[in-house]
2 protein chains.
Amino acid sequence: MVKLVVSYGAPEDPAAFEQHYSNTHVPLVEKIPNLRRFEAGKILGTPDGSPAPVFFLAELWFDSPQELEAAMGSAEGQAAGADVANFATGGATLMIAEA
Amino acid sequence: MVKLVVSYGAPEDPAAFEQHYSNTHVPLVEKIPNLRRFEAGKILGTPDGSPAPVFFLAELWFDSPQELEAAMGSAEGQAAGADVANFATGGATLMIAEA
């Protein structure tokens, strides 16, 4: 399997970020075809108490790189991707990882 | 649930990193008490082809922050943590995330 990892930087308004994420973004992600597992949540801290470089982390699992690519190219994938600009005021870093 | 996210920067010798990770580090991680799920793998790239800021990502899931804390404080958790210095020549960032 592979996963799309989305690492969000600290937004200008954390409460607005979380509200938009839950109410608008999650429903869009859940429509993405081929999606096998979805997990998203806040970074709670670091083991040594130092500041975390990430605010929120999301991961989308797919069976293969081909299925991930097809998912991102689909209308549903494009809609979810386009929505990121609506709330990720602290930036979003996307990576594809072995899973 | 919560997860410990370990984000490794690019090491000096990627082949040596992967060999140590598979042969030495994974067996240490698998001994950690309370561990519910473990996933680790290379970053394969980014959707837009830009350089990925991370080389390798590992995640360890636990049922609660308390179980994660107990796991990290155990002899097995300390042994796995201490081993990171043996191969993470590009650094390692640890974060605790909602899961």
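A few points on the structure. Per chain, the residues get numbers from 1 upward, laid out in the order the sequence is written. All chains are assigned letters beginning with A, and all ligands numbers beginning with 1, in the order in which they are written. Predicted model: local features are reported for residues with pLDDT of at least 70 only, side-chain atom pairs are reported and counted for 80 or more only, and whole-chain, interface and lining totals are derived from all residues. Water and hydrogen atoms were dropped before computing side-chain values, which therefore reflect all heavy atoms in the structure.

### Focus on the interface of chain B and chain A
Accessible area lost upon the coming together of the parts is a frequently used measure of interface size.
Consideration 1: The interface of chain B with chain A comprises 27 residues on the first partner and 27 residues on the second.
Consideration 2: Both sides together, the interface formed by chain B and chain A hides about 2,100 Å², and carbon and sulfur atoms give 66% of it.
Consideration 3: Think of a salt bridge as a Lys or Arg side-chain nitrogen and an Asp or Glu carboxyl oxygen that are within 4 Å of each other. At the surface where chain B touches chain A, the tally comes to four salt bridges.
Consideration 4: A salt bridge links A:Glu39 to B:Lys3; the nearest nitrogen and oxygen atoms lie 2.7 Å apart.
Consideration 5: Think of a polar contact as two N or O atoms within 3.5 Å of one another; within protein, one of them needs to be a possible hydrogen donor and the other a possible acceptor, and neighboring residues in sequence only count if both atoms come from side chains. Remark: the boundary between chain B and chain A carries twelve residue pairs in polar contact (both at pLDDT 80 or more).
Consideration 6: Only DSSP runs of H or I reaching four residues or more are called helices, and only runs of E reaching two or more are called strands; each is numbered from the N terminus. Secondary-structure elements contributing two or more residues to the side of chain B that touches chain A are β1 (2–8), β2 (37–45), β3 (56–62) and β4 (92–98) of chain B.
Consideration 7: Here the side of chain B that touches chain A takes seven residues from β2(B), the largest share from any one element.
Consideration 8: Tallied by class, residues from the side of chain B that touches chain A come to 17 nonpolar, four polar and six charged. Here, two residues are considered to be in contact whenever any of their heavy atoms come within 4.5 Å of each other. Summed over both partners, the accessible area (1.4 Å probe) lost when two parts come together is defined as the buried area. Three residue categories are used. Nonpolar comprises Ala, Val, Leu, Ile, Met, Phe, Trp, Tyr, Cys and Pro, charged comprises Asp, Glu, Lys and Arg, and polar comprises the others, including Gly.

### Details of the packing of helix α2 (residues 65–73) of chain B against helix α3 (residues 75–83) of chain B
Residue and element names in this part refer to chain B.
Consideration 1: To get an axis, fit a line to the C-alpha atoms, keeping to the stretch in contact for a helix; angles then go from 0 to 180 degrees between the N-to-C directions. Put simply, α2 and α3 touch, their axes get as near as 4 Å, and they point 70° apart. Considered as vectors, α2 and α3 are oriented roughly perpendicular to each other. Residues Ala71, Met72 and Gly73 of α2 pack against Ala75, Gly77 and Gln78 of α3. Throughout, the term roughly parallel applies to angles under 35 degrees, roughly antiparallel to angles over 145, roughly perpendicular to angles from 65 to 115, and oblique to all others.

### Considerations on the packing of aromatic side chains
Consideration 1: Stacked, edge-to-face and tilted labels apply to pairs of Phe, Tyr and Trp rings (six-membered ring for Trp) whose centres lie within 6.5 Å, assigned for plane angles under 30 degrees, over 60, and everything in between, in that order. Enumeration over the complete set of coordinates arrives at 23 aromatic pairs over all chains.
Consideration 2: Taking 5.3 Å as the distance between ring centres and 80° as the angle between the ring planes, the aromatic pair formed by A:Tyr8 and A:Phe17 counts as edge-to-face.
Consideration 3: With relative accessibility at 1%, the residue A:Tyr8 sits in the buried group.
Consideration 4: Between A:Tyr8 and A:Phe87 the ring centres are 5.5 Å apart and the planes differ by 45°, which places this aromatic pair in the tilted class. Here A:Tyr8, found in strand β1 (residues 2–8), pairs with A:Phe87, found in the loop between α3 (75–83) and β4 (92–98); they are 79 residues apart in sequence, far enough to count as distant. Per residue, the accessibility class of A:Tyr8 equals that of A:Phe87, and both read buried.
Consideration 5: Of the aromatic side chains, those joined through ring pairs into one cluster are A:Tyr8, A:Phe17, A:Tyr21, A:Phe55, A:Phe56 and A:Phe87.
Consideration 6: Our definition puts a charge over a ring when NZ of Lys or CZ of Arg is within 6 Å of the ring centre and also within 35 degrees of the ring normal. Between B:Arg37 and the ring centre of B:Trp61, over which it is positioned, the NZ or CZ distance is 4.7 Å. We call a residue buried when its accessible area falls under 20% of the maximum for its residue type, exposed when it is over 50%, and partly exposed in between, using a 1.4 Å probe and counting protein chains only.

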